[in-house]
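Chain by chain, the residues run as shown.
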Amino acid sequence: PERPPFRRERYETEDGGFFDVDFLESQASFSRGMVVVLHGLESCSTSPLAIRMSKASAAAGFDVAAVNFRGCSRNAAGEQAEV
């Protein structure tokens, strides 16, 4: 599936690492709350399942926070994200 228009925020950790959270706004005129999408082992927020869950939640009126665990985020080209 096509990647939704995520807005990415990076959170740096005290030990020099980081994790990224991809936010997707509700497609409704208001938000019904926020859904947190957590990917599986060795996956990321741009995996097909995470994309489908994010899009379905946004279409149902929820804001989405798709969390990329440490070392798991990918850029738009599908390459490992770097600091």
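Throughout, residues of each chain are indexed from 1 in the direction in which the sequence is written. In view of the model being predicted, local features appear only for residues whose pLDDT reaches at least 70, and side-chain atom pairs are presented and counted only at 80 or more, with totals across whole chains, interfaces and linings using the full set of residues. The basis for the side-chain values is all heavy atoms of the structure; hydrogens and waters are excluded.

Asker: I keep staring at the overall build of the chain and nothing clicks. Help me out?
Answerer: Under the DSSP-based scheme used, a helix requires at least four consecutive residues in state H or I and a strand at least two consecutive residues in state E, with every element numbered from the N terminus. A tally of regular secondary structure across the chain gives one helix and four strands. Secondary structure of the chain in N-to-C order comes out as β-β-β-α-β. The cut-offs for exposure are 20% and 50% of the maximum accessible area for each residue type, with area from a 1.4 Å probe on protein chains only; residues under the lower value are buried, those over the upper are exposed, and the others partly exposed. Counting across all 83 residues of the chain, residues that qualify as buried make up 37%. Two residues form a contact once any of their heavy atoms are found within 4.5 Å. Partitioning the intrachain contacts of the chain with sequence separation of at least 6 by distance along the chain shows that 67% fall at a separation of at least 24. Each accessible area is a Shrake-Rupley estimate made with a 1.4 Å probe; only the visible protein chains count as cover when residues are assessed. Carbon together with sulfur atoms contributes 55% to the accessible area of the chain, which is approximately 5,200 Å² in total.

Asker: I'm lost on the sheet that holds strand β2 (residues 18-24) in this one. Help?
Answerer: As a general point, the strands of a sheet are linked pairwise by backbone hydrogen bonds and lie either parallel or antiparallel. In space, the four strands of this open sheet follow the order β1-β2-β4-β3, with mixed pairing throughout. If you trace the sheet from one side to the other, it starts and ends with β1 (7-12) and β3 (34-38), each paired once. Adjacent strand axes in the sheet meet at a mean angle of 25° when their direction is disregarded. In this description, strands pair whenever DSSP reports at least two bridges between them. Angles run from 0 to 180 degrees between N-to-C directions of axes, and those axes are lines fitted to C-alpha atoms, restricted for helices to the stretch in contact.

Asker: Please explain the nonpolar core as it appears in this structure.
Answerer: What is meant by a nonpolar core is a set of buried Ala, Val, Leu, Ile, Met, Phe, Trp, Tyr and Cys residues, joined one to another through side-chain atoms within 4.5 Å. Residues Phe6, Leu24, Val37, Ala50, Ala58, Val64 and Ala66 constitute the largest nonpolar core, which totals seven residues. Contributions of two or more residues to this core are made by α1 (48-59) and β4 (63-68). When sequence neighbours within four positions are dropped, the list of residues in contact with leucine 24 reads Pro4, Pro5, Phe6, Ser54, Lys55, Ala58, Asp63 and Val64.

Asker: Before we go on, may I ask you to explain the pairing of β1 in this structure?
Answerer: In the case of a regular strand, side chains alternate between the two sheet surfaces. Inspection of the sheet shows β1 paired to β2 by six bridges, in the antiparallel sense. Bridge assignment links glutamate 9 to a residue of β2, and that residue is valine 21. Between the end of β1 and the start of β2, which pair antiparallel, lie five residues, with glycine 16 showing a positive phi angle near 95°.

Asker: What am I meant to see in α1 here?
Answerer: Think of an α-helix as 3.6 residues a turn; residues three or four steps apart then line up on the same face. Look at α1: 16 Å from first C-alpha to last across 12 residues, which is about the 16 Å you get at 1.5 Å a residue. Residues of α1 that are buried include every one of Ala50, Ile51, Ser54, Ser57 and Ala58, and no others. All buried residues of α1 fall inside an arc of 135° around its axis, so they share one side. Relative to its buried face, α1 has exposed residues pointing more than 90 degrees away, namely Leu49 and Ala59. Looking at the buried side of α1, the elements it contacts are β2, β3 and β4. Positive phi shows up at glycine 61, right after α1, with a value of about 100°. Expected span of a helix: the number of residues minus one, times 1.5 Å. This arc describes the spread of directions from the helix axis toward the C-beta atoms.

Shape is all these values report; function is a separate question.
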